[in-house]
Amino acid sequence: MNIFGLSLNFRRLGHAGRWALCVCCSCLAASSGYAQGPPLQEMHDDLALFSGILGEALKLNDSDGLFGRSLGGISSTYLVNQGAVFEVRSPLANRRNRMGLASLSSAMQALQLQENPFLAMRRSMPTVSLQSPSLAAESTIPDYRYQLLRDQIANIDFSLVVNTAVQQATHSVRALRALGSVDEATYNALFAEIENLRAQVGEHVDELRLLEAELRNSSNVGSGAGSSDDAREALAARLEPLIQQLTPIREEALTLAADLKEKAAQAETEFAAQWQRDLTSLEEDLYASLCAYGEMLERIPANQSLSFILQGLGDEPTGARRTDKVHIVSRTDLSRCVEGAIEWPKLRSVSVSYSY
């Protein structure tokens, strides 16, 4: 038995048998060498070196992440009989998340703008006429119970309007910070202004509720008592200036909310436009770098291709998942660009690009 497990009788087959054995051994050696030998290792080294240079050219190694860590980079692999695949992680994908946060704030505002269903139901309820027989006899006597009911309804409407405006302003400020349109100091100042409005509203609403309780207690006293009427009139006199103090707070809250909402919408539009310009610049730099450094990929056979997957940078159709942007470049076209036969814009036009 020899090292290949073949019988010595196999060698007695003569020249033809020995030739078959040599062919078999050659095929095994070639297969083993292709799978583990220097060619694939050299290919790996070429792809690693090219990935590092391409990452520098595309500015993917900038330390903008948490604790100064880079958010970008390139991973590469080689697929036999197909070509090289590069997975590109750009900080642009993380910046896109900011637009998602801003859109979420807009959605929250839209929900808050919907009318409170309890208010709508209350408005649909029939109102009691003061000319009804049961109240006709009391129409000449100041009855603060009905005035109290009207004031209470007005107070609830007012509180909801102001609180909604304050919440909208809060969402807008957070969207502005997420988009990088305001620095931390400005954000803190705006947030403090909003919280001050919220505190003022809460303080005055507490006073209104206290007055409501006093009016309610006063109405329980007999309506013929002069002292009771005087007390109710005094409470009603305190109500008017309190309403006058709340009115400018309401207007300030509504104005602030509208102003911040407009600024947030404009910031989101500008951010999206700048992000798209940066993506276009990244893709242009990619093709320009391929033409400048593509000779490093000469080991890739001419009939294969290079695929670049820009993670998280694909188009986002409505209701669809976030996609990647894929660029597929023919090795033959790349050689033409490296040799100067075509420029990088032409290389891009003859390459395949899609979102997936």
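Residues numbered from 1 in each chain as written. Predicted model: local features only at pLDDT ≥ 70, side-chain atom pairs only at ≥ 80, totals over all residues. Heavy atoms only, no water.

1. As for the environment of glycine 52
What counts is decided by this rule: Starting at the N terminus, helices and strands are each numbered in turn, a helix being any DSSP run of H or I of at least four residues and a strand any DSSP run of E of at least two.
Tracing the backbone shows glycine 52 in helix α3 (residues 38-57). Glycine 52 sits 22 residues away from isoleucine 74 along the chain, and the two C-alpha atoms are 7.5 Å apart.

2. Side note on unusual backbone geometry
For clarity, the cut-off: Classification of residues uses two cut-offs on accessible area relative to the type maximum, computed with a 1.4 Å probe and protein chains only: under 20% is buried, over 50% is exposed, and between them is partly exposed.
Positive phi, close to 60 degrees, is recorded for lysine 59, a residue that is not glycine. Here lysine 59 is to be found in the loop between α3 and β1 (73-79). On the accessibility criterion, lysine 59 (56% relative accessible area) is exposed. Its identity is not glycine, yet asparagine 81 carries a phi of approximately 70 degrees, on the positive side.

3. Looking at the pattern of salt bridges
Applied cut-off: Salt bridges are defined by distance alone: a side-chain nitrogen of Lys or Arg within 4 Å of a carboxyl oxygen of Asp or Glu.
Per the stated rule, a full pass over the model turns up 10 salt bridges. In this structure, aspartate 46 engages arginine 299 in a salt bridge whose closest nitrogen and oxygen atoms are separated by 2.5 Å. Taken together, the residues span a long stretch of sequence, with aspartate 46 in helix α3 and arginine 299 in the loop between α9 (226-293) and β3 (305-310) at a distance of 253 residues. Exposure remark for arginine 299: the relative accessible area of 44% places this residue in the partly exposed category. Measuring nitrogen to oxygen at the nearest pair gives 3.3 Å for the salt bridge that ties glutamate 195 to arginine 198. On the criterion of helical spacing, the pair formed by glutamate 195 and arginine 198 is a turn pair, its members being three residues apart in helix α8 (residues 184-219).

4. Overview of the sheet that holds strand β2 (residues 83-89)
Note the cut-off: In short, DSSP must find at least two bridges between two strands for them to pair. To obtain each axis, a line is fitted to C-alpha atoms, and for helices this fit is confined to the stretch in contact; angles are then taken between N-to-C directions over 0 to 180 degrees.
Here five strands make up an open sheet; going across it, the order is β1-β2-β3-β4-β5 and the pairing mixed. Each of the sheet's edge strands pairs with one partner strand only, and the pair in question is β1 and β5 (352-355). Taking the axes of each pair of neighbouring strands and ignoring which way they run, one obtains an average angle of 15 degrees across the sheet. Summarising the sheet, β1 and β2 pair through seven bridges and their orientation is antiparallel. Counterpart to serine 75 in the pairing with β2 is glutamate 87.

5. Here's the deal with the nonpolar core
Soluble globular proteins tend to pack their nonpolar side chains together in the buried interior. Definition in use: We call a set of buried Ala, Val, Leu, Ile, Met, Phe, Trp, Tyr and Cys residues a nonpolar core when their side-chain atoms join them within 4.5 Å. Throughout, a contact is declared for two residues whenever any of their heavy atoms are within 4.5 Å.
Judged by nonpolar contacts, the single largest core of 62 residues is most densely connected at Phe86, Phe308 and Leu347. Aside from chain neighbours lying at most four places away, what touches leucine 347 is Tyr287, Leu290, Cys291, Val329, Asp333, Leu334, Cys337 and Ile342.

6. Section: the pairing of β2
In terms of burial, β2 is largely enclosed, as five of its seven residues are buried. Connecting the antiparallel pair β1 and β2 is a turn made up of three residues, with asparagine 81 showing a positive phi of about 70 degrees. Where β2 and β3 come together, six bridges link them in parallel fashion. By the bridge assignment for β3, glutamate 87 is matched with isoleucine 309.

7. A word on a nonpolar patch on the surface
Rule in force here: Each patch is built from residues lacking any salt bridge and having more than 30% relative accessible area; the joining distance is 9 Å for like charges and 5 Å for nonpolar side chains (Val, Leu, Ile, Met, Phe, Trp, Tyr). Computed by Shrake-Rupley with a 1.4 Å probe, the accessible areas treat only the displayed protein chains as cover when residues are assessed.
On the surface, Val352, Tyr354 and Tyr356 cluster together into a nonpolar patch covering about 330 Å² of accessible area. Tracing the backbone shows tyrosine 354 in strand β5. Of the residues examined, tyrosine 354 reaches a relative accessible area of 35% and is grouped as partly exposed.

8. Remarks on the environment of serine 353
Counting through the fold element by element, serine 353 comes out in strand β5. Given the relative accessible area of 41%, serine 353 is considered partly exposed. Sequence separation between serine 353 and serine 307 is 46 residues; the distance between their C-alpha atoms is 9.7 Å. The contact partners of serine 353, leaving out residues within four places of it in the chain, are Lys325, Val326 and His327.

9. Observations concerning helix α10 (residues 331-338)
What counts is decided by this rule: By arc we mean the arc of the directions from the helix axis to the C-beta atoms, nothing more. Contacts described as polar in this section are N or O atom pairs within 3.5 Å, which, within protein, must combine one atom able to donate a hydrogen with one able to accept it, while residues neighboring in sequence count only if both atoms come from side chains.
Those residues of α10 not exposed but buried are Arg331, Asp333, Leu334 and Cys337. Projected down its long axis, α10 shows its buried positions confined to an angular sector of 155 degrees, all on one face. The N-capping residue of α10, defined by a side-chain oxygen 3.2 Å from the backbone nitrogen of threonine 332, is serine 330. Looking one or two residues past α10, glycine 340 carries a phi angle of roughly 90 degrees, positive in sign.

Keep in mind these numbers describe shape, not what the thing actually does.
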